[in-house]
Amino acid sequence: DDLLIFDAFSTGQWDHDGFYENLADADRSRKELITRGVAAFRTKFPDGPRQVDGLVQLMKDAKDCGIELGSNPYSFIEELCSEDFVRAFLPYAMNDPHPLLAYMTIVPFRWLRASDLAQYRKVGIEAATHKNRMLALGAAESIASGPNLNAPLVEDVAILQLLARHPDESVRHLTFTAIRR
């Protein structure tokens, strides 16, 4: 199960493409891998706090193996998102974790946006004003890309207003890119 979990966590969006005759089959294979990997992960780590510990360990394992994860874990984390996980992950992220995990708040922010607007606004504002630029970038990216651009919310505006004043230039750039769209 550990190998299945690590494979699902670290496999990128296009990593299966070369093994299948068409992209639809490759995408289906990757989605099945992630579903199985997250199920095994939830069995091994049954609650939110332990799932956060498990993610931290996966990050360490990837680093020890010399694997550059980039955005590969996003689908795994998206599948993992639940109220229990998000309630444990976001406080961890706000406490200066590994930079990549801080940036991966993109996924829980999007999940909250779809499920709990009050909490989304609260943690979005906290991330937008946090000293860790990776958290602010995660909040900005969660608004700046994907389907959120098609249906902006009042909560997005409150978060964007703070991101636009963030001291980090890259955060402001991404924020204004989102606003411009």
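Below is a short write-up of the structure.

About the cut-offs
- Residues numbered from 1 in each chain as written.
- Predicted model: local features only at pLDDT ≥ 70, side-chain atom pairs only at ≥ 80, totals over all residues.
- Heavy atoms only, no water.
- Helix = DSSP H or I, 4+ residues; strand = E, 2+ residues; numbered from the N terminus.
- Rg over C-alpha atoms; globule rule 2.2 N^0.38 Å.
- Buried < 20%, exposed > 50% of the residue type's maximum accessible area, 1.4 Å probe, protein only.
- Axes fitted to C-alpha atoms, helices over the stretch in contact; angles between N-to-C directions.
- Parallel < 35°, antiparallel > 145°, perpendicular 65-115°, else oblique.
- Left-handed = near helix turned anticlockwise from the far one by under 90°.
- Contact = heavy atoms within 4.5 Å.
- Nonpolar A, V, L, I, M, F, W, Y, C, P; charged D, E, K, R; others polar.
- Core = buried A, V, L, I, M, F, W, Y, C linked by side-chain atoms within 4.5 Å.
- Salt bridge = Lys/Arg side-chain N within 4 Å of Asp/Glu carboxyl O.
- Phe/Tyr/Trp six-rings, centres within 6.5 Å; stacked < 30°, edge-to-face > 60°.

**Let's talk about the overall build of the protein**
Point 1. When you go through the protein residue by residue, the secondary structure sums to eleven helices and zero strands.
Point 2. Starting at the N terminus, the α and β elements of the protein follow one another as α-α-α-α-α-α-α-α-α-α-α.
Point 3. In terms of overall size, the protein behaves like a compact globule, its C-alpha atoms giving a radius of gyration of 17 Å where 181 residues would be expected to give roughly 16 Å.
Point 4. Its C-alpha atoms give the protein principal-axis dimensions of about 45 × 35 × 30 Å.
Point 5. Within the protein, the proportion of its 181 residues that are buried is 49%.

**A look at the packing of helix H9 (residues 133-144) against helix H10 (residues 154-163)**
Point 1. Running from amino to carboxyl end, H9 crosses H10 at an angle of 135°, the nearest separation of the two axes being 10 Å. Put simply, H9 runs oblique to H10. Along this stretch, H9 crosses H10, giving a crossing that reads as left-handed. The residues of H10 that touch H9, namely those facing Ala136, Ala139, Ala140 and Ile143, are Asp156, Ile159, Leu160 and Leu163.
Point 2. Residues that form the contact of H9 with H10 fall into these classes: seven nonpolar, no polar and one charged.

**Quick notes on the nonpolar core**
Point 1. Within the largest apolar cluster, 56 residues are counted, with the highest numbers of intra-cluster contacts made by Leu55, Phe76, Phe85 and Leu163.
Point 2. The residues touching phenylalanine 85, leaving out its near neighbours within four places in the chain, are Gly48, Gln51, Val52, Leu55, Ile77 and Leu80.

**Description of the pattern of salt bridges**
Point 1. Enumeration according to the criterion identifies six salt bridges in this entry.
Point 2. Note that aspartate 2 and lysine 44 form a salt bridge whose closest N and O atoms lie 2.5 Å from each other. In this pair, aspartate 2 sits in helix H1 (residues 2-10) while lysine 44 sits in helix H2 (residues 23-44), placing the two residues 42 residues apart along the sequence.
Point 3. Accessibility expressed as a relative area gives 48% for aspartate 2, which makes it partly exposed.
Point 4. Judged by its relative accessible area of 43%, lysine 44 falls in the partly exposed class.

**Observations regarding the environment of valine 107**
Point 1. Structurally, the position occupied by valine 107 is in helix H7 (residues 106-115).
Point 2. Sequence spacing of valine 107 and leucine 163 is 56 residues, and the spatial spacing of their C-alpha atoms is 18 Å.
Point 3. Once residues lying within four places of it in the same chain are set aside, the contact partners of valine 107 are Tyr74, Ile77, Glu78 and Cys81.

**Side note on the environment of phenylalanine 6**
Point 1. If you trace the backbone, phenylalanine 6 turns up in helix H1.
Point 2. Each C-alpha atom, one on phenylalanine 6 and one on lysine 60, is 11 Å from the other, the two residues being 54 residues apart in sequence.
Point 3. Among all residues touching phenylalanine 6, those that are not within four sequence positions of it are Leu58, Asp61, Ala62 and Ile67.

**Let's talk about the packing of aromatic side chains**
Point 1. Tallied over the full model, the rule gives four aromatic pairs.
Point 2. For the ring pair phenylalanine 41 and phenylalanine 45, a centre distance of 4.8 Å and an interplane angle of 50° mean the geometry is tilted. Per residue, the accessibility class of phenylalanine 41 equals that of phenylalanine 45, and both read buried.
Point 3. Seen in terms of ring centroids, phenylalanine 41 and phenylalanine 76 are 5.3 Å apart; in terms of plane orientation they differ by 80°. Their pairing is edge-to-face.

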